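# Structural features, examined
Residues per chain, in single letters:
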Amino acid sequence: MEDCWKILGIRRDATLTEIRRAYRKRVKELHPDVSGNPGTSEEFRRVVRAYEILTDERTRKIFDSSFSDHFRRRKVKSWDYREWLLERHDDESRAKLILFDLTHARESDAVAEYKRMRTERSSFTLRRWFTKEEFMDYAFILCEEMILREEYYDAAMLLCQIIELEFKYEYFRLFFPEVLALFRNIMRRHIEGKISDELALDFFENALELKLGKSDDAFILHKMGEIYARIGDGRTSKICHDEAERIESEYEYK
């Protein structure tokens with residue numbers, strides 16, 4: 001049996017978050033469509049198989065049992081980095097606390113801290129404190145965790161940042177359709193009626209700036225028009241609907 005942990009290049013106590021990140025990184029390196037080398041296809045399949053084993057709780061336990069005698073680790077109590085971060089209240093430390101919790105099986109704590117910081121400090125952002133690669137990878141994982149907890153607005157606003165950065169700096173590549181699909185699902189099913197009209201307008205305005213395409217833009221403008229109508233701004237509502245209809249007519253004409 002091959003060592004799945006070694007194939008993905010991660011330690012044996014890696015969290016599910018770290019397994020996902022390592023998998024995405026290896027796939028981008030080895031996918032024949034990206035590398036241009038058909039000889040990587042076999043290694044690509046090994047990576048996919050290792051990922052499937054390690055992300056399924058039952059198969060991971062079976063796999064680990066065969067290696068347990070060789071790879072036991074003793075944990076020595078040492079300086080507590082998380083406690084040190086908890087005692088600090090600057091934005092950088094709180095951002096690093098969120099990342100630490102996200103990668104150490106404390107996903108609920110990471111989500112709660114992110115929401116708390118966004119509520120208390122409107123200027124707070126993860127993007128400032130990490131490299132582009134770190135931000136895009138971990139922010140996407142944080143989005144997935146927030147969606148599991150039905151924190152759709154915060155997830156959607158963070159996805160806006162990820163998508164904007166992807167357009168400027170291609171990183172997800174093969175996985176970007178997955179990012180867009182997740183964003184569109186939230187936009188179309190989990191915004192209107194789930195949050196206040198003011199927050200929904202804020203989201204739709206940010207989504208419109210992404211310029212995802214005519215179909216998405218028309219959908220967003222219609223939703224904005226409906227919200228403006230509800231809050232009593234008929235003039236702006238008409239502008240939004242008229243622009244949406246103009247886009248739709250161009251789209252249908254082509």
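Refer to the structure presented above.
The paragraphs below set out a description of the structure included in this document. Here the structure is a predicted model, which means the values were calculated and not measured. (Residues numbered from 1 in each chain as written. Predicted model: local features only at pLDDT ≥ 70, side-chain atom pairs only at ≥ 80, totals over all residues. Heavy atoms only, no water.)

### Structural notes on the pattern of salt bridges
It is possible for side chains bearing opposite charge to pair when their charged atoms get close. Applying the stated criterion to the full structure yields 34 salt bridges. Two residues, E113 and R94, come together in a salt bridge whose shortest N-O distance is 2.9 Å. Taken as a pair, E113 in helix α8 (residues 107-120) and R94 in helix α7 (residues 91-102) lie far apart in primary sequence, 19 residues in all. A residue is classified by how much of its surface remains accessible, and E113, at 10% relative accessible area, is buried. Between R246 and E243 there is a salt bridge, and its shortest N-O distance comes to 2.5 Å. With R246 and E243 both in helix α14 (residues 234-253) and three residues apart, the pair spans about one turn of that helix. Three or more residues are tied together by salt bridges with common partners; here these are E192, D197, K223, E226 and R230. (Salt bridge = Lys/Arg side-chain N within 4 Å of Asp/Glu carboxyl O. Helix = DSSP H or I, 4+ residues; strand = E, 2+ residues; numbered from the N terminus. Buried < 20%, exposed > 50% of the residue type's maximum accessible area, 1.4 Å probe, protein only.)

### Considerations on unusual backbone geometry
A positive phi is found at A105, a non-glycine position, where the angle reads about 60°. Mapping A105 onto the fold places it in the loop between α7 and α8. With a phi angle near 55°, K211 is a residue other than glycine that sits in the positive phi range. One can find K211 in the loop between α12 (197-209) and α13 (214-230). On the basis of relative accessible area, K211 is assigned to the exposed category, the value being 65%.

### Some thoughts on empty space enclosed by the protein
Space left empty within the atom packing is revealed by a probe, the size of a water molecule, rolled over the atoms. According to the stated counting rule, one finds two cavities of 30 Å³ or more in the structure shown. Empty space within the largest cavity amounts to approximately 70 Å³. Lining the largest cavity, in full, are A95, I98, L99, L102, L126, F130, E134, F135, Y138, A139 and L142. Those elements that place two or more of their residues in the lining of the largest cavity are α7 and α9 (132-148). Of the residues belonging to the lining of the largest cavity, the class tally is 10 nonpolar, no polar and one charged. By volume, the second largest cavity amounts to about 40 Å³. Listing elements by their share of the lining of the second largest cavity, those giving two or more residues are α8 and α10 (152-168). With five residues, the top contributor of residues to the lining of the second largest cavity is α10. (1 Å grid on protein atoms, 1.4 Å probe; cavity = no way out; pocket = protein on both sides within 12 Å on 5 of 7 lines; lining within 4 Å. Points joined across faces, edges and corners; volume = space filled by probe spheres on them. Nonpolar A, V, L, I, M, F, W, Y, C, P; charged D, E, K, R; others polar.)

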